[in-house]
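# Descriptive structure summary
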Amino acid sequence: MPETKIDIPIKNIAKMIDSMNKQEIETLYMLLTKDGKELLKRKKDLELKRVKFLSRDETFNV
């Protein structure tokens, strides 16, 4: 996976995180954990239409 180096002061990052809502913080947490790579891979697969979203009925077996 390619890496990018950017110069953002820690204070700015703290302000950005502080302004996030609960869902955004949960998403950030997931992306920063070991599961993040897998989630990004799945998102890319969906965007490239390699897989399809499940319908509500398929998901809940209704």
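Let me begin by describing the structure that accompanies this report. (Residues numbered from 1 in each chain as written. Predicted model: local features only at pLDDT ≥ 70, side-chain atom pairs only at ≥ 80, totals over all residues. Heavy atoms only, no water.)

## Re the pattern of salt bridges
Here is the rule we go by: Only one rule defines a salt bridge in this text: a Lys or Arg side-chain nitrogen within 4 Å of an Asp or Glu carboxyl oxygen. Here a helix means four or more residues in a row that DSSP labels H or I, a strand means two or more in a row labelled E, and each is numbered from the N terminus. Residue exposure (1.4 Å probe, protein chains only): buried if accessible area is under 20% of the type maximum, exposed if over 50%, otherwise partly exposed.
Within the structure shown, the criterion is met by five salt bridges. Among the salt bridges present, the one from Glu47 reaches Lys43, with a minimum N-O distance of 3.5 Å. With Glu47 and Lys43 both in helix 3 (residues 36-47) and four residues apart, this pair spans about one turn of that helix. Owing to a relative accessible area of 48%, Lys43 belongs among the partly exposed residues under this scheme. For Glu58, the salt bridge identified is with Lys52, shortest N-O distance 3.4 Å. Glu58 gets classed as partly exposed once you look at its relative accessible area, which sits at 43%. Here the salt bridges do not stand alone but share partners, grouping Lys41, Asp45 and Arg50 into one network.

Just geometry here; none of it tells us what the structure is for.
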